[in-house]
Amino acid sequence: MAWLSRADRMSQRTLGRMLGQLRSSATRPGMVLVAGAMAAAAAAPAQARDVSFAVPAGPLSGAIAAFSRDSGMQIIARPEVLRGKRTRGLSGRMSVERALQLLLRGTGLESQRRGVVILIVESTAPVRRSQPPAPPPAARIAPVQDTRPLIVTGQRMANQFSVETKVSAVGIVDAVTGDDMRRLPDSTVVDALRRIPGISVVAIADDEHPRDVPIAPVVRGLTQAYNNITLNGLPIASIGVPDAISNSASRGGRMDLLPASAISRLTVIKTFTPELDANAIGGAIDMETLMPFSGSGDSFLVAEARLSEASQRSAISPQSPFGGNASITAGHVFGPDRRFGVLLAADVQKLDNSSDVHGNADGNFFTYYTADGQRVSDFARSNGILVPREDKSWYNESTRRRWGLRAAVEARPSDRLSLAALAGLYRFDDGFTRNEIVISANDAAVAEQTATSGRFERGSVQVGYRDGVTRSAVRLLQVSAEWEPSPRDRISLSGSLSQASLDEPYRMAKYTAGTDGEGEVVGSPAFGFAYDTSGFHHSFAVAPEAYSDLAAYAPTYWRNRSRMARSRADAARADWQHNMEGSLGFAAGLAWKATRYTYAFENDEYRLPGTSASLGTAGAVRDVLRRWNRSALPLIVIDPAAAWQMLEDNFASAIRTDPTDDRVRDNFSHRERTLAGYAMARYQHEGLELIGGVRAEQTWAQTLANRKLLSRWEPLDTRSDYLELLPSLLANVQLAEALKLRAAYSRTMGRPGFEAYAPRQSVRFAVGDDEGDPDALGVTVMLGNPEIRPRISDNFDLSLEWELPRAAGGLVSLALFRKNIADEIFDAVTSGYAFGGVFYRKATVTRPENASKASVSGLELGVSVASLELLAAPLEPFGLSANWTLLRGALEVPVPGGPVRELDRLVGQPSQIRNLSVYYTRARLELRAAMNWTGRALRRLQVDNPMEDVYWAPRRQIDMQARYRLADGVSLVLEVANLTEERLESVTGPAQTWLKDSYSVPRTVSLGVSAKIG
């Protein structure tokens, strides 16, 4: 928001507390407040030397903002003290003390200094003489809007700023400062978001991409596709989250592209007012960057450099033992009266690591058998014993490189006009290599079966290889202007141009033991095996001699594949506010956004049926054991150079699959235009604040895709449009001096993913020879749904916030919410599909659908305590921050040919989220440990077979940091991410007790230096 009631308006009590902490900081060297200036050391010289002032005559509130800009000092005053006061202004070079005298002459006010902060008080205010002068009672202190943001350093002050942002906001918000992000090993924005109440994070959910790092947030149980993400309040283009299941990329920002060092503050808005983009059922996340006027004097510099080491590195191919990150941000203010500023920033990250994965098949996870051991397709006809379909092991190598550049300029040509522009480029290269082993019984009968064991007389083993680099980039340009034609009016104009791209070329090769002369997988007695499901990790025990015979592995395929996505988002908005800081105010505005998204996929596949070539000349048995296999089978790897040379040597006899289908069936282009307008009003009287209004959004959508009719592809153009009216009403009530109640209602929407609109039909076979076989396994079908509708949510919020006494410093907050969602969107997964005159009974079919209805309710409890001294004096150096979120969802899903299925959660929604952060501050040393725990969450929904739903298992991660201040503004930093190497696991089956997959997440240790100057 542009007026003082969002994150910039500070609560009266909390500022009083911050000043109290500032006064005591002389005896607590570890606590430093930098208000208006970047450091106290920079502010003191500003008071001693002469400063050039150009403060025009007029209302004192505006003049103080200009004075703060010129002097680099933070000014704090009570609004009622300034109301109606005017100043004659001042001009010329003079000391700060002299300038204050001239500024306040004739106003009946005087100034009092508190370190680097200046208080404006009534000259007749009583002052007790028995102690040093003190500010007015904390409950009556409120700041004047400064020309540059309040920046805090030190763990306690960083926490205090987050508390202040929450208390002073119009609605229910949570925030994390850049300084707070740098006090834990949060390398990306997503890492920092998981510590906020009500937010969990997710990895890529498909079965192809790396999963050891989170990529997007889930806000109050709603996935990234339905949370609005902005940079400095403006939209940014996104290529979405890659998904090999849908062979596309979903709507929603992939926030792992942005390093944490590029962000000065993260704000999560959970209640909505009409001026906010309403495409956000879960919440809105705004990422703010440092700007040129963020410094104190003429120049400032923020820099850090760290060296990192991961606990897991590849045992197959060499990886760099060390990675790290470095960033630098420099700003300079210049020109007459320091009215112009420029900022340059750069950052780079690099880290190599490795992960091991153990799991089941990608779909159709279980096979079923009769009492005499014959396989059946229906569980109801079986003996009731489940057998995992595959014993799969992956060994992944990741090589990640991130870098970014940012430049910004600001200008204040007059006291009523502000201009700003920002340009940025962010690049992420995610290199990924996978070695794969898959053991399967295929259609073989089972013998000697018990509840947890059995034997298959035939089996097959697949050895696979994949490598490639996913290159993602975001380019953006933002401009803004703010004009105050009168003390009560403010007009804001802003616009942005942004582009995002994804290029993912990769190659795959696979060899299989247990095929016939034509390459069809039929199983071989040599690869028969005993299975064991007595533990969480199942194991298929193939005879080691047969398993290691590379000559038994015939080539299955070679694939060259490529994904490409392009996104563009252009936006403009105009806002007018009248007296929004007074007792009765109004605001209105218009917003335009045009989005384009294109997606393309190519696949060239070659096979060599009947060849005598084998893995013997293109592979090797390594001394790396498959971690979860109970017969101690080693890892077999493919030499990619030798494998592709084999194809080249036999190219004349190779069979190339028709690439036409792969080049057109998944491709689509989506265009979306949105025009929005809003009107709102604000009323404030004593302890009551009311904000209400309505937002109207008209959307036009067009999607171009391809559809196959018989043997011919034809283009298809679908269009839709819809108008939504979205009202909201919010009330804030100050129940007591330190107790605030909030209540809100809003209606928001969630647009379908780009790929959901596409009227496409994508059918894929695990093996080319499966086409035409009605009993083939591994057949996947992806369908679009041009009739998909946006979901609409009625949101109800209630919260209570209690500011703790000054000695403790902090906040206790309790929030309750409910979201009633109509036309909830989910990926419906069913079995069976007719294609080309054949009905594939075991095909897995995924299609986006609107559910009958859905809801999610939750409770968010948060506690932040700056010092535990109230409990016991020795605990004074300790503080803590903790939050607990409880979520309960409901989803009704129509089942083809059956009754409606009811679930107790939404897709992506965890049951609970817990965070605990404990820190110790003494002199030059700061220690911090944080724990994040996320409960079970629904990952994938199998509509017609609940037994094959997939859930993310509960997960806990512990992170730590030690920081030692070497000098003012310079610290040595040691940190550990994922201390206990907690794995990321998915479960399925009855009661979700069966393994779907288990993905290792390495521990990362970093050592570096952080510096702030000016």
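Residues numbered from 1 in each chain as written. Predicted model: local features only at pLDDT ≥ 70, side-chain atom pairs only at ≥ 80, totals over all residues. Heavy atoms only, no water.

Where an unreviewed UniProt entry is consulted, the chain appears under the name TonB-dependent receptor, with the organism given as Aurantiacibacter xanthus. Per UniProt, the chain carries the Subcellular location (unreviewed entry) text "Cell outer membrane". (UniProt positions renumbered as here; feature names shortened; annotations may be inferred.)

Engineer: Mind showing me how you'd approach unusual backbone geometry here?
Structural biologist: Across residues other than glycine, the phi torsion is negative in most instances, and most of the peptide bonds are trans. For Arg220, which is not glycine, the phi torsion reads 50 degrees and is therefore positive. Turning to its location among the elements, Arg220 is positioned in the loop between strand E12 (216-219) and strand E13 (228-231). With a relative accessible area of 0%, Arg220 lands in the buried category. The backbone of Asn579 shows a phi angle near 55 degrees, a positive value even though the residue is not glycine. By secondary structure assignment, the location of Asn579 is in the loop between strand E33 (554-578) and strand E34 (584-607). (Helix = DSSP H or I, 4+ residues; strand = E, 2+ residues; numbered from the N terminus. Buried < 20%, exposed > 50% of the residue type's maximum accessible area, 1.4 Å probe, protein only.)

Engineer: What should I look at first to understand the environment of Gly221 in this one?
Structural biologist: On the secondary structure map, Gly221 appears in the loop between E12 and E13. For the pair formed by Gly221 and Ala937, sequence separation is 716 residues and the distance between their alpha carbons is 9.0 Å. In this view, Gly221 contacts Leu887, Leu906, Val907, Gly908 and Gln909; residues no more than four positions away in its chain are not counted. (Contact = heavy atoms within 4.5 Å.)

Engineer: When you look at the nonpolar core in this model, what are you seeing that I'm missing?
Structural biologist: Among soluble globular proteins, nonpolar side chains are generally buried collectively. Grouped together as the largest cluster of nonpolar side chains are 51 residues, with contacts concentrated most on Val189, Leu193, Met255, Ile263, Leu266 and Met287. Ignoring sequence-local partners within four residues, the contact set of Val189 consists of Met255, Leu258, Pro259, Ala260, Ile263, Leu266 and Met287. Formed by 43 residues, the second largest nonpolar core is a distinct cluster that contains Ile385, Ile437, Leu615 and Ile638. (Core = buried A, V, L, I, M, F, W, Y, C linked by side-chain atoms within 4.5 Å.)

Engineer: Looking at this structure, how should I read the sheet that holds strand E28 (residues 453-456)?
Structural biologist: Pairing between the strands of a sheet is mediated by backbone hydrogen bonds and can be parallel or antiparallel. Ordered by their spatial adjacency, four strands build an open sheet running E27-E28-E31-E32, and the pairing between neighbours is antiparallel. The sheet is open, and its two edges are formed by strand E27 (446-447) and strand E32 (539-542), each paired on a single side. Bridge analysis of E28 against strand E31 (residues 529-532) gives four bridges, and the strand direction is antiparallel. Residue Phe456 lies in a different strand from E31, and its bridge partner there is Phe529. (Pairing = 2+ DSSP bridges.)

Engineer: Would you mind going over a nonpolar patch on the surface with me for this structure?
Structural biologist: Taken together, the side chains of Trp483, Ile491, Leu493, Trp576, Leu584, Phe586, Tyr683 and Leu690 present a nonpolar region at the surface, about 720 Å² in accessible area. Elements supplying a minimum of two residues to the nonpolar patch: strand E30 (489-513) and E34. Counting through the fold element by element, Ile491 comes out in strand E30. Assessed through its relative accessible area of 30%, Ile491 is described here as partly exposed. (Patch = residues over 30% accessible without salt bridge, like charges linked within 9 Å, V, L, I, M, F, W, Y side chains within 5 Å. Areas by Shrake-Rupley, 256 points an atom, 1.4 Å probe, with all protein chains shown as cover. Salt bridge = Lys/Arg side-chain N within 4 Å of Asp/Glu carboxyl O.)

Engineer: What is the right way to read the environment of Ala731 from this model?
Structural biologist: By the secondary structure assignment, Ala731 is in strand E40 (residues 712-736). With 560 residues separating them along the chain, Ala731 and Gly171 place their C-alpha atoms 8.4 Å apart. Once residues lying within four places of it in the same chain are set aside, the contact partners of Ala731 are Glu689, Leu690, Leu741, Arg742 and Ala743.

Engineer: Can you help me understand the pairing of E33 in this one?
Structural biologist: Pairing geometry for E30 and E33, over 24 bridges, is antiparallel. Following the sheet pairing, Ile491 is matched in E33 by Trp576. Of the pairings in the sheet, the one linking E33 to E34 comprises 21 bridges and is antiparallel in character. In the sheet register, Arg573 faces E34, and the bridge partner there is Ala591. With antiparallel pairing between neighbouring strands as the criterion, E33 and E34 make up a hairpin whose turn holds five residues, including Asn579 at a positive phi of roughly 55 degrees.

Engineer: What should I look at first to understand the confidence of the model for the chain in this one?
Structural biologist: When the pLDDT values of the chain are averaged, the result is 84; 87% of them are 70 or greater. For the chain, per-element mean pLDDT is lowest for strand E1 (residues 32-34), which scores 30, and highest for E28, which scores 97. Confidence drops under pLDDT 50 across residues 124-153; counting only partners more than four residues distant or on other chains, this segment forms 90 contacts. (pLDDT = per-residue confidence, 0-100.)

Engineer: I would appreciate a short explanation of the pattern of salt bridges in the present structure.
Structural biologist: If charged atoms from side chains of opposite charge come close, those side chains can pair. The final tally for this structure, using the stated rule, is 52 salt bridges. Here Arg466 ties to Glu504 by a salt bridge, and the two come within 3.8 Å at their closest N and O atoms. Pair noted here: Arg466 is in strand E29 (residues 460-486) and Glu504 is in strand E30, with a separation of 38 residues, a long-range link. A relative accessible area of 1% places Glu504 in the buried class. Three or more residues joined by partner-sharing salt bridges are found here, namely Asp174, Arg220, Lys270, Asp797 and Glu860.

Engineer: Sorry, what's going on with the side chain of Glu504 here?
Structural biologist: Polar side-chain contacts of Glu504 include one of 2.7 Å to the side chain of Thr470. One polar contact links Glu504 to Arg563, side chain to side chain, over a distance of 2.8 Å. The contacts of Glu504, once residues within four sequence positions are left out, are His209, Arg466, Val469, Thr470, Arg561, Ser562 and Arg563. (Polar contact = N/O pair within 3.5 Å; in protein donor to acceptor, adjacent residues only side chain to side chain.)

Engineer: Can you help me understand the sheet that holds strand E23 (residues 375-376) in this one?
Structural biologist: The three strands lie next to each other as E23-E22-E24, forming an open sheet whose pairing is antiparallel. Only two strands of the sheet have a single neighbouring strand rather than two, namely E23 and strand E24 (387-388). With two bridges joining them, strand E22 (residues 366-369) and E24 adopt antiparallel strand pairing. The residue bridging Thr367 from the neighbouring strand is Val387, located in E24.

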